[in-house]
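# Working through the structure, step by step
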Amino acid sequence: MARRYWNINLEEMLEAGVHFGHGTRKWNPRMTPYIYAKHKGIHITNLTRTARFLSEACDLVFDAASKGKQFLIVGTKNKAADSVARAAIRARCHYVNKKWLGGMLTNWSTTETRLHKLRDLRMEQKTGRLNRLPKRDAAMLKRQLSRLQTYLGGIQYMTELPDIVIIVEQQEEYTALRECITLGIPTVCLIDTNCDPDLADISIPANDDALASIRLILNKLVFAICEGRSSYIRNP
């Protein structure tokens, strides 16, 4: 895989607060190699290592996108949900930003059934068929459509398991990460100082509580994906 320059600089990460970890009492000892220091009861992440792993992740997703691979971005924390959706839409990726439904990947046949139902209900709503049903039946189907749209709207066009999954916060999305591990799907995971860096294929040590930090990491990955997609379009 050719090394590319992704314009990752320490000053930019400092301004975004990427270096702030959790309190020193709330940490995973396996994160020791990624911690630079302690300051006022908070662990400070080693940004040199963050930059290294972020660059490796960008190389990975660029290479995958240049081969037409498909991505799923997962991040369901309230503060990150909108950023996850915007980043995924920008890079034409699938996404889950409200709630991870257990078995979404490991029980793919059930997920496919739900997605078919979502698409059918959307079509019925678009054609006006729902409004021609009895009020009680229409109300029930509209509630079902709303729920499916909320939880599955970001993957409504996903027709098979993703090639790579990007996870914004390991602790919050542990179920999703375990499903990827079970299925052998490569993962890129944003991890804070309370996480296990050995679970994902590429772990990016960074603040997973600050919106600016999350946006910065996502923006770098999305840029690499978009660049890879452009390469794929130019050289099919």
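These numbers were taken from a predicted model, which means no experiment stands behind them.

### A word on the nonpolar core
Among the nonpolar cores identified, the biggest contains 40 residues, and Phe 71, Ile 73, Ile 204, Ile 217, Leu 221 and Ile 225 are the most heavily contacted of them. The set of elements that each furnish at least two residues to this core consists of helix H2 (47-65), strand E4 (71-74), helix H3 (78-90), strand E6 (164-167), strand E7 (187-191), strand E8 (202-205) and helix H7 (211-234). Per-element tally for this core: the top contributor is H2, with nine residues. Once residues lying within four places of it in the same chain are set aside, the contact partners of Ile 217 are Leu 54, Leu 190, Ile 204 and Ala 206. Grouped together as the second largest cluster of nonpolar side chains are 32 residues, Leu 101, Met 104, Leu 130 and Met 158 included.

### Points about the sheet that holds E6
The five strands are arranged E5-E4-E6-E7-E8 in an open sheet whose pairing can be described as parallel. The open sheet has two edge strands, strand E5 (94-96) and E8, and neither has a second partner. Ignoring which end each strand starts from, the neighbouring axes of this sheet average 15° apart. Judged from the four bridges that link them, E4 and E6 form a sheet pairing that is parallel. Bridge pairing links Leu 72 to Val 165 in E6. Against the sheet, H3 makes contact with E4 and E5, and its axis sits at roughly 170° relative to E5, the strand it touches most. This element, helix H6 (residues 174-183), spans E4, E6 and E7 of the sheet and lies at about 160° to E6.

### Remarks on H2
The end-to-end C-alpha separation of H2 is 26 Å, in line with the 27 Å expected for 19 residues at 1.5 Å each. A side-chain oxygen of the first residue of H2 lies 3.0 Å from the backbone nitrogen of Thr 48; this N-cap is Asn 46.

### Topic: unusual backbone geometry
Even without being glycine, Asn 7 reaches a positive phi, approximately 55°. Topologically, Asn 7 is positioned in the segment before helix H1 (10-15). One non-glycine residue, Arg 92, adopts positive backbone phi at about 55°. In this structure, Arg 92 sits in the loop between H3 and E5.

### Observations concerning the domain arrangement of the chain
Parsing the chain into structural domains produces domain 1 (10-105 + 161-234) and domain 2 (108-153). Taking the mean C-alpha position of each, domain 1 and domain 2 sit 32 Å from one another. Contacts between domain 1 and domain 2 engage seven residues on the former and six residues on the latter. Summing both partners gives a buried area of about 700 Å² for domain 1 against domain 2, and 61% of it is carried by carbon and sulfur. Where domain 1 touches domain 2, the interface holds zero salt bridges. A breakdown of the residues in the side of domain 1 that touches domain 2 according to their chemical character gives four nonpolar, one polar and two charged.

### Regarding the environment of Ser 109
Here Ser 109 lies in helix H4 (residues 108-127). In this structure, the C-alpha to C-alpha distance between Ser 109 and Glu 160, residues 51 residues apart in sequence, is 9.8 Å.

### Points about the packing of aromatic side chains
Scanning all chains against the criterion turns up three aromatic pairs. With centroids separated by 5.8 Å and ring planes inclined at 55°, the aromatic side chains of Trp 6 and Phe 62 adopt a geometry described as tilted. Placement of the pair is Trp 6 in the segment before H1 and Phe 62 in helix H2, with a sequence separation of 56 residues. A relative accessible area of 12% places Phe 62 in the buried class.

### A short note on the packing of H4 against helix H5 (residues 135-152)
Direction vectors running N to C along H4 and H5 enclose 125°, while the axes themselves pass 10 Å from each other. One element, H4, and the other, H5, form an angle in the oblique class. Regarding H4 and H5, the two cross each other, and that crossing is left-handed. Only Leu 141, Gln 144, Leu 145, Leu 148, Gln 149 and Leu 152 of H5 make contact with H4, whose side of the interface consists of Arg 114, Leu 115, Lys 117, Leu 118, Leu 121, Arg 122, Glu 124 and Gln 125.

What counts, and at which threshold
Positions within a chain are numbered from 1, following the residues in the order the chain's sequence is written. Whole-chain, interface and lining totals are the exception, using all residues; otherwise, since this is a predicted model, local features are given only for residues with pLDDT of at least 70 and side-chain atom pairs are given and counted only at 80 or more. Note that water and hydrogens are dropped before the side-chain values are worked out from all heavy atoms of the structure. Buried Ala, Val, Leu, Ile, Met, Phe, Trp, Tyr and Cys residues form a nonpolar core when they are joined through side-chain atoms within 4.5 Å. Under the scheme applied here, a residue whose accessible area is under 20% of the maximum for its type counts as buried, over 50% as exposed, and between as partly exposed, the area being computed with a 1.4 Å probe on protein chains only. Going along the chain from the N terminus, every DSSP run of H or I of four or more residues is numbered as a helix, and every run of E of two or more is numbered as a strand. It only takes one pair of heavy atoms within 4.5 Å for two residues to be counted as in contact. The criterion for strand pairing is that DSSP finds at least two bridges linking the strands in question. Axis definition: a line fitted to C-alpha atoms, limited for helices to the stretch in contact. Angles are taken between N-to-C directions and run from 0 to 180 degrees. For a helix, the expected span equals 1.5 Å multiplied by the number of residues minus one. Polar contact is the term for a pair of N or O atoms within 3.5 Å; when the atoms are in protein, one must be able to donate a hydrogen and the other to accept it, and sequence-neighboring residues count only if both atoms are side-chain atoms. Boundary definitions for the domains trace back to an automatic or database domain assignment. Here's the idea: put two parts together, see how much 1.4 Å probe accessible area each one loses, and the total over both is what we call buried area. One speaks of a salt bridge when a side-chain nitrogen belonging to Lys or Arg is within 4 Å of a carboxyl oxygen belonging to Asp or Glu. Note on residue categories: nonpolar means Ala, Val, Leu, Ile, Met, Phe, Trp, Tyr, Cys or Pro, charged means Asp, Glu, Lys or Arg, and polar means any other residue, Gly included. Aromatic rings from Phe, Tyr and Trp, taking only the six-membered ring of Trp, are treated as a pair when their centres fall within 6.5 Å; an angle between ring planes under 30 degrees marks them as stacked, one over 60 as edge-to-face, and anything in between as tilted. Working definition: roughly parallel below 35 degrees, roughly antiparallel above 145 degrees, roughly perpendicular at 65 to 115 degrees, and oblique for all remaining angles. Take the far helix as the reference: if the near one is turned anticlockwise from it by less than a right angle, the crossing is left-handed, and if turned clockwise, right-handed.

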